[in-house]
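Chain by chain, the residues:
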Amino acid sequence: MVLVTSEQMREFDKRTISTLRVPGIVLMDHAGKALAEAALAKRPRCVVALCGKGNNGGDGWVAARWLRHQGVNQVQVVSTVDVSELTGDARTAATSAIAAGVPHQVYAPGQPLPPADVYLDAILGTGAARPLSGQLADLVSALEAVVAASGAWVIAADVPTGVNATTGEVAGPAVRAQQTIAMAAQKLGTAITPGCLYAGDVVVADVGIGIEPSAELAAFTTAADVRAALPHRGPQTHKGTYGRVGVLVGEMTGAAVLAGLGAARAGAGLVMLAGEERVQGAPLEFVQRLFRDDMASVFAQSQALVIGPGLGDGGGLPERTARNLLAHWEKPGVLDADGLRLLRQNGALQRLPEGQWVLTPHPKECAALLETSTEAVQARRLEAATRLARETGGVVILKGYRSIIAHPDGRVRVNATGNAALATAGTGDVLAGIVGGLLAQGADSFLAACAGAFLHGAAGELAGERLTLVSTLASDVVDAIPDAIGKAFHADLEEQ
Ligand SMILES: NC(=O)C1=CN([C@@H]2O[C@H](COP(=O)(O)OP(=O)(O)OC[C@H]3O[C@@H](n4cnc5c(N)ncnc54)[C@H](OP(=O)(O)O)[C@@H]3O)[C@@H](O)[C@H]2O)[C@@H](O)CC1
Ligand SMILES: [K+]
């Protein structure tokens, strides 16, 4: 499903209105009706629509009119401005609602809101331009207070007020909705944190605006990415067909083994561990090579590398080898954990060949690379991920709830799979390995990152279902990869 920015949405709006000659009020009527239907599904006795001065407010006025038409007699509008101040389609929507007998009042700061079972948040949508203050901030806290006391349901029109529809940033007070009715397409800011935590369930309403798919639009990762990243397994293929993944072994050998297992379960034909010593207890299927062998040949036969899991920060031969590979390796690779640290040298970020490497930082690692705080990364995750991709040339998977995948050319994907089962040591190593495994099989770096994030999250969910969110270990996530792959292909059948 595509995810649009405010600017992209405005373009689609404009195109629909100017090329299809559909008047804006018609689109608004569809939007308001969809909002009314979402409210009706809660079988409310009493609905209050909070309406701002722009077209988002217009959606709220239309919803109030439709609710009254559908027999909800106790519906009223609390507006942030006097009706005489409204313009354009919002003015038309308000005029019709008032003609239909919808009572209305202007919100006076400090006043409690009238009681209701359902509140519609139509204060601000894609036109929100700055953090809330004054009257609007007061209105949002009045809503919060009445909802806390009554347990009423909150439905946001298009985007919860206070959430930046493009970036997901919440820079001040914001409405917490249980549901968001997205007009024509989900807004990117409601798909990523923190915005998605305010949006609740997002339902897309078809309001008559055509959304033409294009590479520029962000989207969720899907099971189709997993299917696209895995090559067809014909009868005459052999292990060489599916590529060799070289995993650099550092101080913590267990992390390298987990990465290798991720790669193998994701389909790599062969996993090679390369380190200073043999790893005791590594799976029998893994090939092991030592750095003291001919260094040039150790990695030469690998189609993809995984550098970083368990590397440590002690310097020494593994780190020197990693630096050397970063400078000279010409095939795809994954850079994770302490490997990422190597990208910042003498205060500058190393520039990598565009799209060759997939970087898998968690927020703290991303913050260190961008020389900012973890809090700043988490507050503006989209900006952090896209900036890191742009400045390094790597495809970035910024890990965490709703991982963001950013290509240096500007493409963005959001991964919605995964849950707290993954909040345990070693799962990041597994992700790095899965992506390495997909790269070795020939997937391009952006597809491998998208499919890898999806598969890893799906495996985490399956492991969590079986073992609880509490007891799942990284090795359980590895064990769940086959079922996650099976499910991704089963999704294919369901979609047909
Ligand atoms: N045909 C269409 O286009 C359709 C659009 N649709 C709907 O329209 C929505 C977009 O409408 P929109 O562009 O009018 O913007 P909207 O979010 O209502 O607010 C803008 C107003 O708020 C103000 N303002 C901004 N920030 C502020 C702040 N922090 N604090 C206070 N004020 C602030 C700003 O004025 P300013 O004060 O900045 O001059 C401006 O007046 C979209 O989300 C969807 O719901 C659907 O009906 C389908 C058809
Ligand atoms: K809203």
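An unreviewed UniProt entry lists the protein under the name Bifunctional NAD(P)H-hydrate repair enzyme, with Alicyclobacillus cycloheptanicus as the source organism.

1. Quick word on the nonpolar core
Core analysis: the biggest nonpolar cluster contains 58 residues, and Val247, Leu273, Ile405, Val430, Val435 and Leu438 have the highest contact counts within it. Looking at this core, the element that brings in the most residues is helix H16 (residues 445–471), giving 13 residues. Sequence-distant contacts of Val247, defined by excluding residues within four places in its chain, comprise Ala256, Ala259, Gly260, Val271, Met272, Leu273, Ala274 and Val306.

2. So, the layout of surface pockets
Approximately 930 Å³ is the volume found for the largest pocket. At the level of secondary structure, the elements contributing two or more residues to the lining of the largest pocket comprise helix H1 (6–19), helix H2 (24–40), helix H3 (55–69) and helix H5 (134–150). A per-element tally of the lining of the largest pocket places H1 first, with five residues. Its residues assigned to classes, the lining of the largest pocket comprises 16 nonpolar, twelve polar and eight charged.

3. Some points on the site of ligand 1
Neighbouring ligand 1 are 21 residues; Asp13, Asp59, Gly125, Arg130 and Asp158 lie closest to it. Residue Asn56 places a side-chain N or O atom 2.8 Å away from an oxygen atom belonging to ligand 1. Thr126 has a polar backbone atom sitting 3.0 Å from an oxygen atom of ligand 1. Compared with its free state, where it exposes 930 Å², ligand 1 has 78% of that area covered by protein. Under a 2 Å grid-point criterion requiring more than half of the atoms, the pocket assigned to ligand 1 is the largest pocket. Only H1, H2 and H3 provide two or more residues apiece to the shell around ligand 1. Class assignment of the residues belonging to the shell around ligand 1 gives a composition of ten nonpolar, six polar and five charged.

4. A look at the pairing of strand E5 (residues 118–122)
Side-chain direction in a regular strand flips from residue to residue, so the side chains alternate between the two faces of the sheet. Judged by how many residues are buried, E5 sits mostly within the fold: five of five residues are covered. A two-sided burial pattern is seen for E5, the buried positions comprising Val118, Leu120 and Ala122 on one face and Tyr119 and Asp121 on the other. Sheet analysis places strand E2 (residues 46–51) next to E5, joined by five bridges and oriented parallel. Within E5, the residue paired with Cys51 across the bridge is Ala122. Sheet topology places E5 next to strand E6 (residues 153–157); four bridges connect them, and they run parallel. If you follow Val118 over to E6, its bridge partner there is Trp153. Note on the crossover from E5 through H5 to E6: the handedness is right-handed.

5. Here's the deal with the sheet that holds strand E7 (residues 179–183)
The parallel open sheet is built from seven strands, whose spatial order is E4-E3-E2-E5-E6-E7-E9. Of all the strands in the sheet, the pair left with one neighbour each is strand E4 (104–106) and strand E9 (201–205). For this sheet, the mean inter-axis angle between neighbouring strands, taken without regard to orientation, is 20°.

6. Points about the UniProt feature "domain: YjeF N-terminal" (unreviewed entry) in the protein
UniProt records the feature "domain: YjeF N-terminal" (unreviewed entry) at residues 9–215, using the numbering of this structure. When the span residues 9–215 is considered, its composition is 37% helix and 18% strand, and the gap between its end C-alpha atoms is 15 Å.

7. Re the pairing of strand E13 (residues 287–290)
Residue alternation in E13 divides its side chains into a buried set, Gln288 and Leu290, and an unburied set, Val287 and Arg289. Two strands pair when backbone bridges link them, and strand E12 (residues 270–275) and E13 are joined in this way by four bridges, in the parallel orientation. Bridged to Ala274 within E13 is Arg289.

8. A look at helix H15 (residues 427–440)
For H15, built from 14 residues, the straight-helix expectation of 20 Å at 1.5 Å per residue is met to within 8% by its first-to-last C-alpha distance of 20 Å. Among the 14 residues that make up H15, 14 are buried, leaving the element largely enclosed by the rest of the structure. Just downstream of H15, Gly442 is the residue with a positive phi angle, here 105°.

9. Regarding the packing of aromatic side chains
In the structure shown here, the tally under the stated rule is zero aromatic pairs. A cation sits over an aromatic face here: Arg176 above Tyr198, 4.2 Å from the ring centre. Positioned above the aromatic ring of Phe446 is the side chain of Arg411, whose terminal nitrogen or guanidinium carbon lies 4.5 Å from the ring centre.

10. With respect to the coordination of the potassium ion (ligand 2)
Around the potassium ion (ligand 2), the protein contributes the donor atoms Asn56 (OD1), Asp121 (O), Leu124 (O), Ala157 (O) and Val159 (O), which lie 2.6 to 2.9 Å from the metal centre. Motif for the potassium ion (ligand 2), donor spacing along one chain: N-x64-D-x2-L-x32-A-x1-V. Note that Asn56 is positioned in helix H3 and Leu124 in the loop between E5 and H5, a separation of 68 residues in sequence. The exposure class assigned to Asn56 is buried, which follows from its relative accessible area of 9%. Judged by its relative accessible area of 23%, Leu124 is partly exposed.

The rules behind the values
- Residues numbered from 1 in each chain as written.
- Chains lettered and ligands numbered in written order.
- Predicted model: local features only at pLDDT ≥ 70, side-chain atom pairs only at ≥ 80, totals over all residues.
- Heavy atoms only, no water.
- Core = buried A, V, L, I, M, F, W, Y, C linked by side-chain atoms within 4.5 Å.
- Buried < 20%, exposed > 50% of the residue type's maximum accessible area, 1.4 Å probe, protein only.
- Helix = DSSP H or I, 4+ residues; strand = E, 2+ residues; numbered from the N terminus.
- Contact = heavy atoms within 4.5 Å.
- 1 Å grid on protein atoms, 1.4 Å probe; cavity = no way out; pocket = protein on both sides within 12 Å on 5 of 7 lines; lining within 4 Å.
- Points joined across faces, edges and corners; volume = space filled by probe spheres on them.
- Nonpolar A, V, L, I, M, F, W, Y, C, P; charged D, E, K, R; others polar.
- Near = heavy atom within 4 Å.
- Polar contact = N/O pair within 3.5 Å; in protein donor to acceptor, adjacent residues only side chain to side chain.
- Areas by Shrake-Rupley, 256 points an atom, 1.4 Å probe, with all protein chains shown as cover.
- Sits in = over half its atoms within 2 Å of the grid points.
- Pairing = 2+ DSSP bridges.
- Right-handed = clockwise from strand over helix to strand, strands pointing away.
- Axes fitted to C-alpha atoms, helices over the stretch in contact; angles between N-to-C directions.
- UniProt positions renumbered as here; feature names shortened; annotations may be inferred.
- Expected span 1.5 Å × (residues − 1).
- Phe/Tyr/Trp six-rings, centres within 6.5 Å; stacked < 30°, edge-to-face > 60°.
- Lys NZ or Arg CZ within 6 Å of the ring centre and 35° of its normal.
- Donors = N, O, S within 2.8 Å, 3.2 Å for Na, K, Ca; no water.

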